[in-house]
Structures are given as C-alpha cells and as structure tokens.
Amino acid sequence: MKYKHLFFDLDHTLWDFETNEQETLQELYTNHALEQRGIPTFEAFSVSYVDHNERLWDRFRKGFITRHELRDKRFRLTLLDFKIGDEALTQKLSEQFLEILPAKKALFPETRETLDYLAAKGYPMHMITNGFEETQLLKMRNSGIDHYFTHIITSELAGSLKPYREIFDFAMGRAATSATESIMIGDAMELDIKGAHGVGMDQVYFNPAKPPVDFRPTYVINHLCELRNIL
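Residues numbered from 1 in each chain as written. Predicted model: local features only at pLDDT ≥ 70, side-chain atom pairs only at ≥ 80, totals over all residues. Heavy atoms only, no water.

## Structural notes on the overall build of the protein
Looking only at helices and strands, one finds 9 helices and 6 strands in the protein. Compactness check: the protein gives a C-alpha radius of gyration of 18 Å against a globular reference of 17 Å for 231 residues, within 12% of the reference. Here the protein, with 231 residues, has 49% of them falling under the buried criterion. Pairs at least 24 apart in sequence give 63% of the contacts found in the protein among residues at least 6 apart. Here the protein has roughly 10,900 Å² of accessible surface; of this, 51% comes from carbon and sulfur atoms. If the 27 positive side-chain charges of the protein are averaged to one point and the 35 negative ones to another, these points end up 3 Å apart. (Helix = DSSP H or I, 4+ residues; strand = E, 2+ residues; numbered from the N terminus. Rg over C-alpha atoms; globule rule 2.2 N^0.38 Å. Buried < 20%, exposed > 50% of the residue type's maximum accessible area, 1.4 Å probe, protein only. Contact = heavy atoms within 4.5 Å. Areas by Shrake-Rupley, 256 points an atom, 1.4 Å probe, with all protein chains shown as cover. Lys, Arg positive; Asp, Glu negative; His and termini not counted. Charge placed at Lys NZ, Arg CZ, Asp CG, Glu CD.)

## Details of the packing of aromatic side chains
With the rule as written, the count across this model stands at 11 aromatic pairs. A centroid spacing of 5.8 Å and a plane angle of 35 degrees characterise the contact between Tyr29 and Phe45, whose relative ring orientation is tilted. Here Phe45 lies in helix 2 (residues 42-61) and Tyr29 lies in helix 1 (residues 17-31), a separation of 16 residues in the sequence. Across the pair, exposure class does not vary: Tyr29 and Phe45 are buried alike. Put simply, the rings of Tyr29, Phe42 and Phe45 touch in pairs and so form one group of aromatic residues. Across from the ring centre of Phe132, 4.8 Å away, lies the NZ or CZ of Arg67, which sits over that ring. (Phe/Tyr/Trp six-rings, centres within 6.5 Å; stacked < 30°, edge-to-face > 60°. Lys NZ or Arg CZ within 6 Å of the ring centre and 35° of its normal.)

## Examining the environment of Leu56
Residue position: Leu56 is located in helix 2. On a C-alpha basis, the gap between Leu56 and Lys73 in space is 8.0 Å, while along the polypeptide they are 17 residues apart. Contact partners of Leu56, with chain neighbours within four places excluded, come to Ile65, Leu70, Lys73, Arg74 and Leu77.

## Observations concerning helix 4 (residues 87-100)
A rise of 1.5 Å per residue sets the reference length of helix 4, with its 14 residues, at 20 Å; its end C-alpha atoms lie 20 Å apart and thus fit the reference within 8%. Every buried residue of helix 4 is listed here: Leu89, Thr90, Leu93, Ser94, Phe97 and Ile100. Down the axis of helix 4, the sector holding all buried residues measures 145 degrees, keeping them to one side. (Expected span 1.5 Å × (residues − 1). Arc of directions from axis to C-beta.)

## Some points on the side chain of Arg74
Along the polypeptide, Arg74 turns up in helix 3 (residues 67-81). Nearest to the buried, unbridged Arg74 among oppositely charged side chains is Glu21, at 6.8 Å. At 3.5 Å, the side chain of Arg74 forms a polar contact with the side chain of Tyr49. When residues no more than four places from it in sequence are discounted, the contact partners of Arg74 are Tyr49, His52, Asn53, Leu56, Trp57, Phe97 and Leu98. (Salt bridge = Lys/Arg side-chain N within 4 Å of Asp/Glu carboxyl O. Polar contact = N/O pair within 3.5 Å; in protein donor to acceptor, adjacent residues only side chain to side chain.)

## Examining the pairing of strand 1 (residues 5-8)
With burial as the criterion, each face of strand 1 is covered, one bearing His5 and Phe7 and the other bearing Leu6 and Phe8. Inspection of the sheet shows strand 1 paired to strand 4 (residues 182-186) by 4 bridges, in the parallel sense. Its bridge partner lying in strand 4, His5 is registered against Ser182. For strand 1 and strand 2 (residues 125-129), the ladder comprises 3 bridges, and the chain directions are parallel. The partner of Leu6 across the bridge, within strand 2, is Met125. (Pairing = 2+ DSSP bridges.)

## What about the pairing of strand 4?
By the criterion of burial, strand 4 is predominantly enclosed, with 5 of the 5 residues buried. Here strand 4 shows a buried face lined by Ser182, Met184 and Gly186 and a second buried face lined by Ile183 and Ile185. Sheet topology places strand 4 next to strand 5 (residues 202-206); 4 bridges connect them, and they run parallel. Counterpart to Ile183 in the pairing with strand 5 is Asp202.

Written out as structure tokens, the structure reads:
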C-alpha cells in the first residue's frame, strides 16, 4: 500500500455538520418559542446564527478571540440582530446547543461502509479536527464511528489548529508515521488540503459543492465511496 496511515477531518467530511446543526437550531428555536420573542421565522434565526458562527470561527482560528468568546458571542450577536438583549437566554442557547449538537447522528452517505472497507484493508485511521475536544469525541461516539480511529487529534489536544504545521506534525508523531506515508481526507481547501500539502502530505479533497479552483489536490472525490478507487 502506498499509504500506511489515513488522516480524516470530521465535520463536513464524515459527520454531516449542516444537517446536525440545522436540527439543533430548530430545536432551540421551537423550545424557546423564539418566534414569540421577535424572531419571525426559523430561517431568519438560522441564517443569522450561521453567519455569525462562521465569522467568529474564522477569528478564533486566527487567534483573535478565545474559545469562550466564540461560544458566547455567536448567540448574543444572533439575538441582537433581532433586538433581543437577554443575557439569560443567550446563556441557555449557548449551553443547550453544546448539549444537543453532539448527540446528533447524521453522517454523509456511505460513511460507515467506507470506513468498514478501509478497516478491512488494514489501514490505521486517525482524526485531525479543529473542533473542541469534548464536543468532537461525543459526536464520534454518538454517531458510532469513534472505534474506527486509533488517534483522535483535536486542536485542543495539539495546541494548534489546521492549517498550521504544528497540528499535522503532532498527529503524525502520535501515529508514529511520516508525511510521505500518510494522506489527509477533508472538505476544507485551506485547512485540510493546503494544510496537509504544507507538510508534504498527499490529500483527498471531498467537497462537491466547492470544486478546487486555485489549487490542485492530489485527489478529488465527490462521494466517500470513491476512496475505494484510491486506497
């Protein structure tokens, strides 16, 4: 086998983040009767939250804000978009989001079948994720995929985030492997693909919605089962 170790991203690659996030937000919107608080539709609530969350995650990755600020501000700013300045509600939404989201189980099509295939071929598989340790471990356990992975490297554990070299070096050190013997499978061009390329690791880009434009990954797939053509 050309590759001796496989490194996967979690969110948007195996774990269907969008589906699970939307289900969680819908529960919060309904359970807290947010329509009666002045948020006219779930769609308006969702669009506002996703916009703030994405911008705050970008700031967090760049070191401009802390983990606590990220978790706190995304719901505070969402509520303020609808002129709701309720600190108690902000805290409840933040806490319950982190309780509900990791319990969701939606995976991308063929996730388990593909992992079964790779495990049967004897590949050691590992996870490299920018998510928070407790949350990511719960997502993997609740969706039933944690047992496939030998090492689960989170940004908290590594003290670094993708795309920085340190987290990839940390992960390869844990797996006792090298970049030339490894391959990274992920959906994020800047974080997963260019990050892996930066340490000399081959990559599989899985993101049908956003075809590669300015960078040519080692491989491009539109469905997880296509990994069988590579590995």
